[in-house]
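So the chains spell out like this:
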Amino acid sequence: MKIRRPRLPRTRTGRRRLVQGVMAGCVLALLPATWLYVSTADRLRTVADVPRADVAVVFGAGLWDGEPSPYLAHRLDAAAKLYREGRIKVVLVTGDNSRKDYDEPDAMRTYLTAHGVPGGRIVSDYAGFDTWDSCVRAKKIFGVDRAVLVSQGFHIRRAVALCEAAGVESYGVGVEDKHDATWYYGGTREVLAAGKAALDVLFEPNPQFLGKKEPGVAKALATAAGQTGQPG
């Protein structure tokens, strides 16, 4: 069976229309990414200058042999530094635990406790299957109204835009990494993911799992307040 090659228009008008169509398609494809860039321009900070907030949200980024991948470890390092410097009080770790042999939140908790964050200040969201799910669950399940979000630079704009749309006032800390193959893949993927983000904001779908409200963040903040109020 022969596969016919597509034929280009033979007329100048036809070729011009084809070029215009391709250009219009490219513009439409890049509109969501442009929206993310513009809408979050004033919401990105560094660990040193991000506004203080009660909660930091760290998004999962994969495990290697049951431990945080290097990219996820860098996110957790930033969150631990935010805690040590008193910029946040509680860390909400959100990730994938869709099967028994893959548990991002528990691996993130173990890493954070090993780097100086008390277990009582860490809250786990086991159904953060994508960024929109994590943001909606942070608001509806864990009662987070304001947060510092921690992720890689290529992802943080989408995280901030989606959490803002979900009702969480957000500032983002973009963790920098070396520009290796994973970084370039992540950056390219974000161009495509921006389209889904725009649809999430437009249609506001429910997360894959929602469930009932959990008091973890409120309890952790109450513990933090009690410890702060203790005499030295």
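Our subject is the structure listed above.
Residues numbered from 1 in each chain as written. Predicted model: local features only at pLDDT ≥ 70, side-chain atom pairs only at ≥ 80, totals over all residues. Heavy atoms only, no water.

Draft legend 1. Inspection of the overall build of the chain at higher detail. Counting its regular elements, the chain contains seven helices and eight strands. A burial count over the chain gives 41% of its 232 residues as buried. Considering only residue pairs separated by 6 or more positions, the chain has 73% of its internal contacts joining residues 24 or more positions apart. Carbon together with sulfur atoms contributes 57% to the accessible area of the chain, which is approximately 13400 Å² in total. (Helix = DSSP H or I, 4+ residues; strand = E, 2+ residues; numbered from the N terminus. Buried < 20%, exposed > 50% of the residue type's maximum accessible area, 1.4 Å probe, protein only. Contact = heavy atoms within 4.5 Å. Areas by Shrake-Rupley, 256 points an atom, 1.4 Å probe, with all protein chains shown as cover.)

Draft legend 2. Examining the state of the cysteines more closely. Throughout the structure, instances matching the rule amount to one disulfide. There is a disulfide in this structure between C135 and C163, and the S-S distance comes to 2.1 Å. Between C135 and C163, the S-S dihedral sits near -80°, and the bridge is therefore left-handed. In this pair, C135 sits in helix 4 (residues 131-140) while C163 sits in helix 5 (residues 153-165), placing the two residues 28 residues apart along the sequence. (Disulfide = S-S within 2.5 Å.)

Draft legend 3. Focus on the layout of surface pockets. By volume, the largest pocket amounts to about 770 Å³. As for the largest pocket, its lining consists of 38 residues, of which G60, A61, G62, R75 and R189 are closest to the centre. If you list the elements that add at least two residues to the lining of the largest pocket, you get strand 3 (63-64), helix 2 (70-84), helix 4, helix 5 and helix 6 (181-203). Here the lining of the largest pocket gets nine residues from one element, more than from any other, and that element is helix 6. Each residue belonging to the lining of the largest pocket can be placed in one class, and the counts come to 14 nonpolar, 12 polar and 12 charged. By volume, the second largest pocket amounts to about 190 Å³. (1 Å grid on protein atoms, 1.4 Å probe; cavity = no way out; pocket = protein on both sides within 12 Å on 5 of 7 lines; lining within 4 Å. Points joined across faces, edges and corners; volume = space filled by probe spheres on them. Nonpolar A, V, L, I, M, F, W, Y, C, P; charged D, E, K, R; others polar.)

Draft legend 4. Up close: the nonpolar core. In terms of nonpolar packing, the biggest core is built from 29 residues, with V58, L76, V91, L112 and V148 touching the most fellow members. For this core, the secondary-structure elements that each account for two or more residues are strand 2 (55-59), helix 2, strand 5 (90-94), helix 3 (104-114), strand 7 (146-152) and strand 8 (169-175). With eight residues, the top contributor of residues to this core is helix 2. Here L112 is in contact with L76, A79, A80, V91, V93, V117 and I122, once residues within four sequence places are set aside. Residues V55, W132, A138 and A166 belong to the second largest nonpolar core, which totals 25 residues. (Core = buried A, V, L, I, M, F, W, Y, C linked by side-chain atoms within 4.5 Å.)

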